[in-house]
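Here is how the chains run, residue by residue.
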Amino acid sequence: MGIRIILASHGLYAQEALNTAGLIIGDIAKYVDVISVTADKSYDQCLKELLDLYASYEDKGSGILILTDIYGGTPAKAATYLALTAPDILVYSGFSMPVLMELFIAQPETLEEAGSVIERAYEMGLVRINDKLIEEGEQDGDQMDSY
């Protein structure tokens, strides 16, 4: 089966990011679950939801990758607790659409592969467009013709 993925965020960011990735790539939610920390949920409720989700996996595959939105936030703290108590978990914070897209396209089979995909996607995902315009303008002579 490969790895399972949990997206955890404040508000509905994780769910909407998954929905958006699905619009672009197609059916990708086979082994992806979402935890949304809304205003009515405490840290304890978030942690319980994450622990219950983890316990519900009859087949944990090659491990569980948890992507959270903000380092130090409630989803990341709950994921950190789980990572400290279970050996088959890898946690990253700061997930973005480029990271999700690369991850879903690559379909890594192991946590090690997933980590490589995520770290490469982070490097490629943040682009300062103004610099790209300058680079392309220097190459093309007139940057506006290509847009």
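Quantities reported herein were computed from a predicted structural model and do not represent experimental measurements.

Asks: Before we go on, may I ask you to explain the overall build of the protein chain in this structure?
Replies: Along the protein chain, the regular secondary structure elements total six helices and four strands. Start at the N end of the protein chain and walk to the C end: the helices and strands fall as β-α-β-α-β-α-β-α-α-α. Along the longest, intermediate and shortest principal axes, the C-alpha atoms of the protein chain span 60 × 35 × 25 Å. When the 147 residues of the protein chain are sorted by exposure, 36% land in the buried category. A separation threshold of at least 6 residues defines the contact pool for the protein chain, and within that pool the share at least 24 residues apart is 70%. Carbon and sulfur atoms form 53% of the exposed surface of the protein chain, whose accessible area is close to 8,500 Å². Considering the protein chain, the positive charge centre built from 9 side chains and the negative charge centre built from 24 side chains are found 7 Å apart.

Asks: Help me understand the sheet that holds strand β4 (residues 89–93), please; the structure alone is not making it clear to me.
Replies: To summarise the sheet geometry, strands pair through backbone hydrogen bonds and adopt either a parallel or an antiparallel arrangement. A sheet is described by the order of its strands in space; here four strands give the open sequence β2-β1-β3-β4, paired in parallel fashion. In this open sheet, the two edge strands, each paired with only one partner strand, are β2 (32–37) and β4. Taking the axes of each pair of neighbouring strands and ignoring which way they run, one obtains an average angle of 15° across the sheet. Of the strand pairs in this sheet, strand β3 (residues 64–68) and β4 are connected by five bridges, and their pairing is parallel. Bridging across to β4, Leu 67 finds its partner in Tyr 92.

Asks: Whenever I open this one, the nonpolar core confuses me. Can you help?
Replies: Nonpolar side chains in soluble globular proteins tend to be buried together. Ile 5, Leu 7, Leu 65, Leu 67, Leu 103 and Phe 104 are the most contacted members of the largest nonpolar core, which has 23 residues in total. At the level of elements, β1 (4–10), α1 (13–25), β3, α4 (97–106) and α5 (111–125) are the ones that each hand at least two residues to this core. Not counting residues within four places of it along the chain, the set of residues in contact with Ile 5 comprises Tyr 31, Val 32, Asp 33, Leu 65, Leu 103 and Phe 104.

Asks: Can you walk me through the environment of Leu 53 in this structure?
Replies: Inspection of the secondary structure assignment puts Leu 53 in helix α2 (residues 43–56). With a relative accessible area of 15%, Leu 53 lands in the buried category. Each C-alpha atom, one on Leu 53 and one on Ala 83, is 14 Å from the other, the two residues being 30 residues apart in sequence.

Asks: Explanation requested: a nonpolar patch on the surface in the structure shown.
Replies: Side chains of Leu 23, Ile 24, Ile 25 and Ile 105 sit close together on the surface and give an oily, nonpolar patch of about 440 Å² of accessible area. A per-element tally of the nonpolar patch places α1 first, with three residues. By the secondary structure assignment, Ile 24 is in helix α1. According to the relative accessible area criterion, Ile 24 is exposed, its value standing at 55%.

What counts and what doesn't
- Residues numbered from 1 in each chain as written.
- Predicted model: local features only at pLDDT ≥ 70, side-chain atom pairs only at ≥ 80, totals over all residues.
- Heavy atoms only, no water.
- Helix = DSSP H or I, 4+ residues; strand = E, 2+ residues; numbered from the N terminus.
- Buried < 20%, exposed > 50% of the residue type's maximum accessible area, 1.4 Å probe, protein only.
- Contact = heavy atoms within 4.5 Å.
- Areas by Shrake-Rupley, 256 points an atom, 1.4 Å probe, with all protein chains shown as cover.
- Lys, Arg positive; Asp, Glu negative; His and termini not counted.
- Charge placed at Lys NZ, Arg CZ, Asp CG, Glu CD.
- Pairing = 2+ DSSP bridges.
- Axes fitted to C-alpha atoms, helices over the stretch in contact; angles between N-to-C directions.
- Core = buried A, V, L, I, M, F, W, Y, C linked by side-chain atoms within 4.5 Å.
- Patch = residues over 30% accessible without salt bridge, like charges linked within 9 Å, V, L, I, M, F, W, Y side chains within 5 Å.
- Salt bridge = Lys/Arg side-chain N within 4 Å of Asp/Glu carboxyl O.

Purely geometric stuff here, so don't read any function into it on its own.
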